[in-house]
Amino acid sequence: MRVLAAMSGGVDSAVAAARLRDAGHDVTGVHLALSAKPATMREGARGCCSVEDSRDARRCADVLDIPFYVWDMAARFRDDVVEPFVAEYAAGRTPNPCLRCNEKIKFSAVLDRARALGFDAVGTGHYARLGGDGLLRRAADPDKDQSYVLGVLRPDQLAGALFPLGASPKSEVRAEAAERGLVVAEKPDSHDICFIPSGDTRAFLGERIEEAPGEMVDPSGEVVGHHRGVHGFTVGQRHGLGISRPAPDGRPRYVLGLEPVGRTVRVGPAEALDVTALHATDPVWLADAPTDCVVQVRAHGGLATATVRVGDDGVDVVLDEPLRGVAPGQAVVFYRPEPGGDVVLGSATIASTSR
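Residues numbered from 1 in each chain as written. Predicted model: local features only at pLDDT ≥ 70, side-chain atom pairs only at ≥ 80, totals over all residues. Heavy atoms only, no water.

As annotated in an unreviewed UniProt entry, the protein is tRNA-specific 2-thiouridylase MnmA from Actinomycetospora aeridis. The Catalytic activity (unreviewed entry) field of the UniProt record for the protein holds the comment "S-sulfanyl-L-cysteinyl-[protein] + uridine(34) in tRNA + AH2 + ATP = 2-thiouridine(34) in tRNA + L-cysteinyl-[protein] + A + AMP + diphosphate + H(+)". Note on the protein: under the UniProt heading Subcellular location (unreviewed entry), the record states "Cytoplasm". (UniProt positions renumbered as here; feature names shortened; annotations may be inferred.)

### Thoughts on the UniProt feature "binding site: ATP" (unreviewed entry) in the protein
Here the UniProt-annotated "binding site: ATP" (unreviewed entry) positions come out as Ala-6, Met-7, Ser-8, Gly-9, Gly-10, Val-11, Asp-12, Ser-13, Leu-32 and Gly-125. Note on placement: Met-7 falls in the loop between β1 (2-6) and α1 (11-22). With a relative accessible area of 3%, Met-7 lands in the buried category. Ignoring anything within four residues of it in the chain, the contact list for Met-7 reads Ser-13, Ala-14, Ala-17, Gly-29, Val-30, His-31, Ala-57, Cys-60, Ala-61, Ile-66 and Phe-68. Turning to its location among the elements, Gly-9 is positioned in the loop between β1 and α1. According to the relative accessible area criterion, Gly-9 is buried, its value standing at 3%. (Helix = DSSP H or I, 4+ residues; strand = E, 2+ residues; numbered from the N terminus. Buried < 20%, exposed > 50% of the residue type's maximum accessible area, 1.4 Å probe, protein only. Contact = heavy atoms within 4.5 Å.)

### Describing the sheet that holds strand β11 (residues 264-268)
In space, the four strands of this open sheet follow the order β9-β8-β11-β10, with mixed pairing throughout. Two strands lie at the open edges of the sheet, namely β9 (223-227) and β10 (254-259), each paired on one side alone. Put simply, the sheet's adjacent strands are angled 25 degrees from each other on average, direction ignored. Pairing analysis gives three bridges linking strand β8 (residues 214-217) to β11, with the strands arranged parallel. Bridging from a neighbouring strand, Met-216 pairs with Val-265 of β11. (Pairing = 2+ DSSP bridges. Axes fitted to C-alpha atoms, helices over the stretch in contact; angles between N-to-C directions.)

### Points about the pairing of strand β12 (residues 275-285)
Where β12 and strand β15 (residues 314-323) come together, five bridges link them in antiparallel fashion. Bridge pairing links Ala-277 to Val-318 in β15. Alignment of β12 against strand β17 (residues 344-354), held across seven bridges, turns out to be antiparallel. Bridging across to β17, His-279 finds its partner in Ser-352.

### A short note on the UniProt feature "domain: tRNA-specific 2-thiouridylase MnmA-like central" (unreviewed entry) in the protein
This chain's UniProt record puts "domain: tRNA-specific 2-thiouridylase MnmA-like central" (unreviewed entry) on residues 203-268. Annotated as 6% helix and 30% strand, the span residues 203-268 places its first and last C-alpha atoms 24 Å apart.

### A word on the pattern of salt bridges
Summed over the entire model, instances satisfying the criterion amount to 30 salt bridges. Two residues, Glu-88 and Arg-93, come together in a salt bridge whose shortest N-O distance is 2.8 Å. Classification of Arg-93 by relative accessible area gives partly exposed; the value is 32%. The network of salt bridges with shared partners includes Arg-19, Arg-21, Asp-22, Glu-172, Glu-176 and Arg-180. (Salt bridge = Lys/Arg side-chain N within 4 Å of Asp/Glu carboxyl O.)

### Observations regarding the packing of aromatic side chains
For the structure on display, the rule yields seven aromatic pairs. Judged by centre distance (5.6 Å) and plane angle (50 degrees), the rings of Phe-195 and Phe-204 are tilted. With relative accessibility at 15%, the residue Phe-195 sits in the buried group. Judged by relative accessible area, which is 10%, Phe-204 ranks as buried. For the ring pair Trp-285 and Phe-334, a centre distance of 5.2 Å and an interplane angle of 35 degrees mean the geometry is tilted. Here the residue Trp-285 occupies a position in strand β12, and Phe-334 occupies one in strand β16 (residues 331-335), the gap between them amounting to 49 residues. (Phe/Tyr/Trp six-rings, centres within 6.5 Å; stacked < 30°, edge-to-face > 60°.)

Below you can see the structure in the form of structure tokens.
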């Protein structure tokens, strides 16, 4: 096939491109320029899409002897990922921009352009597997599995995707990169949010959302502190609350909920974070909607078996055991319970939770 290999400048996408070439595909590398003013250098393991990353991707393409291009996707990325991210926080929700980037950029804007140019598929360095049945599966390496952030993709998007790293552990990928002479073999993985290289999400949002001061309230209704805007908090957050006095029992306080209209941040003990049910909207199904399944609510961890009911207004999920730190705006991804719980059945966006 003619395959467009998305090359971020990291080790995973470089080895993915190499494997696609070795499999006999006609491979072209492309680096996505997602910032109108990219930083010159990457800040260690933070961020990506810097000028340095673009150059690393080009060096790897040269070693592999494949054509290489840079596509300017900055405006689309701003409109489809960054601005919705800011709007979600302003509304008191907790979005995952990596999911939106996969849904709106890599396997929408990029895949559409690739198909228009005559390519058959887009290959990436994600750790996930695609079966012969077209269903998405967890990666063989559970520590690197990225099926959660790909769970938002539609069947037609997955039909144009290739994930050549899904059966390999990360250590094998790095060793292979070194054997191939790729300069990124020991390059640190990127962490945090790619468009916030400082890692300071609160400061990033503070530059884009007006301050809306309000109260911090405990379960009894007592005002225990004040804040400058609900956008500076997420459900489950413990540190950086700015509360000067401890709880009466001396235990830590956590963010339990956000009410942007009333400008209220609700705080309380850890056990008050337990969620036993949730309602989700905008479901995307890769297979028949399940009745019983395994759900995952975070990229790493947050798994539970559950019962699912699909209605006209979305999906109601009852958990067999409580999960903590579940926030509106996050995705819930549904997995087949047997065997192994590794087949993705679909996903939806969490709208509300209950204890």
